[in-house]
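# Commentary on secondary and tertiary structure
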Amino acid sequence: MNGDSVNTEDPSVIYDELRETVSIISKFLRIDTSTLSVLTGFRTVSTNGKPLIKKVSSNAVLLTGYKFGFALAPYLAREGIKLLGA
């Protein structure tokens, strides 16, 4: 789930936005949101705004650095699999 619906430099949590995001997602996924917990924290974003896709060892890849990672997750997963040679 991604909570980047508001572009802001304010580091505080906007709980109304989180509630709205959870409500919308629960309608599409038909999940019980009463058991969800919301965790917040800083996310690294690359300096050029592009995702970082890098093989860091023979059996691991690093896929990060993009602000809207949830929307890009299917692409990043495919690219990671390609890097692993699977």
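Up top is the structure these notes are about.
For clarity, every value in this text was computed on a predicted model and none was experimentally measured.

## Describing the pairing of strand β1 (residues 52–57)
In this sheet, strand β2 (residues 60–64) lies alongside β1 in antiparallel orientation, the contact comprising five bridges. Of the residues in β2, the one forming a bridge with Ser-57 is Ala-60. Two successive antiparallel strands, β1 and β2, enclose a turn made up of two residues.

## Focus on the pattern of salt bridges
In this structure the tally under the stated criterion is two salt bridges. In this structure, Asp-16 and Arg-19 form a salt bridge, with 2.9 Å as the shortest nitrogen-oxygen distance. Of the two residues, Asp-16 and Arg-19 both sit in helix α1 (residues 15–29), three residues apart, roughly one turn of that helix. For Asp-16, a relative accessible area of 57% gives the class exposed. Among the salt bridges present, the one from Lys-82 reaches Glu-79, with a minimum N-O distance of 3.0 Å. Residue Lys-82 and its partner Glu-79 are located together in helix α2 (residues 69–84), separated by three residues, close to a single helical turn. The class for Lys-82 is exposed, based on a relative accessible area of 57%.

What counts and what doesn't
- Residues numbered from 1 in each chain as written.
- Predicted model: local features only at pLDDT ≥ 70, side-chain atom pairs only at ≥ 80, totals over all residues.
- Heavy atoms only, no water.
- Pairing = 2+ DSSP bridges.
- Helix = DSSP H or I, 4+ residues; strand = E, 2+ residues; numbered from the N terminus.
- Salt bridge = Lys/Arg side-chain N within 4 Å of Asp/Glu carboxyl O.
- Buried < 20%, exposed > 50% of the residue type's maximum accessible area, 1.4 Å probe, protein only.

Honestly, it's all geometry; don't read function into it.
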